[in-house]
Amino acid sequence: MFWKSLFPGALGSDSPTGIGERELLVNEFIAANGERVQIYFSTTREIDVYALEALCDAVGWAKRPIRKVRKALEFSFLVGSLWQERGQNRRLVGFARATSDHAFNATLWDVVIHPEFQGKGLGKTLMRQMIRELRREEISNITLFADPHVVTFYEELGFHPDPEGIKGMFWYPN
Ligand SMILES: CC(C)(COP(=O)(O)OP(=O)(O)OC[C@H]1O[C@@H](n2cnc3c(N)ncnc32)[C@H](O)[C@@H]1OP(=O)(O)O)[C@@H](O)C(=O)NCCC(=O)NCCS
């Protein structure tokens, strides 16, 4: 597998800021053109920030400064990504990351599946892998901020909106 050999020394190693790198085959399906598609989940931080921003752009999210995206990746506790592997190439098709205090709490951010790959169970797979990785680190409180149209998606994964009436609160600069 070519792309796995790109970062051979990094696999399984620990990161100073978060969870070490892992990868596994999580989904296989036959595309409309008859091609067999293989999807890998990875916790690598070696993600092309331009490819990530193109993915976010594909779902209509606002552009972000590349310098800040790079920093956010570097300082996230967990970076999870889904890759379509095609021969010698791989394509970023899904992404999520989590920030954490490394002990009790983690918050998920930037959960996204490329529109061409939505509705195939990949969002669910990505979220379950993220939860699995966080639970492996004994994180017990996993939170996120859901856009109104995806509340059901997260509820099906076991997330509760406003548990015991608790409200997420935001402060924005004027
Ligand atoms: C939300 C998102 C990550 C879901 O990914 P996906 O791969 O399309 O979802 P899946 O195919 O794994 O769907 C899993 C389940 O959630 C449901 N689901 C998917 N998208 C949903 C949505 N927007 N609202 C409600 N339910 C949804 C599916 O019907 C499916 O249900 P089932 O298991 O009963 O069949 C994806 O649509 C996306 O990237 N959207 C744009 C970015 C976004 O809004 N991110 C969330 C920001 S908070």
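Details of the structure are given in the entry above.
Computed from a predicted model, the values in this text were never measured in an experiment.

Chemist: What should I look at first to understand the packing of aromatic side chains in this one?
Modeler: To describe a pair of aromatic rings, you give the distance between the ring centres and the angle between the ring planes. One pass over the full model with this rule turns up 5 aromatic pairs. With 6.0 Å between their ring centres and 75° between their planes, Tyr-154 and Phe-159 make a pair best called edge-to-face. By the burial criterion, Tyr-154 is buried, and Phe-159 matches it. Taking 6.1 Å as the distance between ring centres and 15° as the angle between the ring planes, the aromatic pair formed by Phe-170 and Tyr-172 counts as stacked. With respect to burial, Phe-170 and Tyr-172 carry one shared label: exposed.

Chemist: Explain the pairing of strand β1 (residues 23-30) to me, please; I cannot follow it from the model alone.
Modeler: A regular strand places its side chains so that they alternate between the two faces of the sheet. When β1 meets strand β2 (residues 36-42), the two strands line up antiparallel, connected through 7 bridges. Opposite Glu-28, over in β2, you have Gln-38 as the bridge partner. The hairpin formed by β1 and β2 contains 5 residues between the paired strands, and Gly-34 there has a positive phi angle of roughly 90°.

Chemist: Looking at this model, I keep getting lost on the pattern of salt bridges. Mind explaining?
Modeler: Oppositely charged side chains are able to pair whenever their charged atoms sit close together. Tallied over the full model, the rule gives 10 salt bridges. Each of Glu-53, Arg-64, Arg-97 and Asp-110 takes part in one network of salt bridges that share partners.

Chemist: Please explain unusual backbone geometry as it appears in this structure.
Modeler: Both trends apply: most residues other than glycine have a negative phi, and most peptide bonds are in trans. With a phi close to 55°, Asp-110 is a non-glycine residue in the positive phi region. Considering the arrangement of structural elements, one finds Asp-110 in strand β5 (residues 105-113). Since its relative accessible area comes to 16%, Asp-110 is described here as buried. Even without glycine at this site, Asp-162 takes up a positive phi of about 45°. Structurally, Asp-162 can be placed in the segment after α4 (151-155).

Chemist: Please clarify how the site of the ligand should be interpreted in this entry.
Modeler: Taken together, 21 residues sit near the ligand, with Val-111, Ile-113, Gly-121, Gly-123 and Lys-124 positioned nearest. At 2.9 Å from an oxygen atom of the ligand is found a main-chain nitrogen or oxygen belonging to Gly-119. Gly-121 is positioned with one of its backbone polar atoms (N or O) 2.8 Å from an oxygen atom of the ligand. Contributions of two or more residues to the shell around the ligand are made by β5, α3 (122-136) and α4. In terms of residue class, the shell around the ligand is made up of 11 nonpolar, 6 polar and 4 charged.

Chemist: For this particular structure, what's the right way to read the sheet that holds β5?
Modeler: Either a parallel or an antiparallel arrangement is found when strands of a sheet pair, and the pairing is made through backbone hydrogen bonds. Spatially, the 6 strands line up as an open sheet ordered β1-β2-β3-β4-β5-β6, and their pairing is mixed. Lying at the two open borders of the sheet, with one neighbouring strand each, are β1 and β6 (141-144). For this sheet, the mean angle separating the axes of adjacent strands, direction not counted, is 25°. Two strands pair when backbone bridges link them, and strand β3 (residues 78-86) and strand β4 (residues 89-100) are joined in this way by 9 bridges, in the antiparallel orientation.

Basis of the calculations
- Residues numbered from 1 in each chain as written.
- Predicted model: local features only at pLDDT ≥ 70, side-chain atom pairs only at ≥ 80, totals over all residues.
- Heavy atoms only, no water.
- Phe/Tyr/Trp six-rings, centres within 6.5 Å; stacked < 30°, edge-to-face > 60°.
- Buried < 20%, exposed > 50% of the residue type's maximum accessible area, 1.4 Å probe, protein only.
- Pairing = 2+ DSSP bridges.
- Helix = DSSP H or I, 4+ residues; strand = E, 2+ residues; numbered from the N terminus.
- Salt bridge = Lys/Arg side-chain N within 4 Å of Asp/Glu carboxyl O.
- Near = heavy atom within 4 Å.
- Polar contact = N/O pair within 3.5 Å; in protein donor to acceptor, adjacent residues only side chain to side chain.
- Nonpolar A, V, L, I, M, F, W, Y, C, P; charged D, E, K, R; others polar.
- Axes fitted to C-alpha atoms, helices over the stretch in contact; angles between N-to-C directions.

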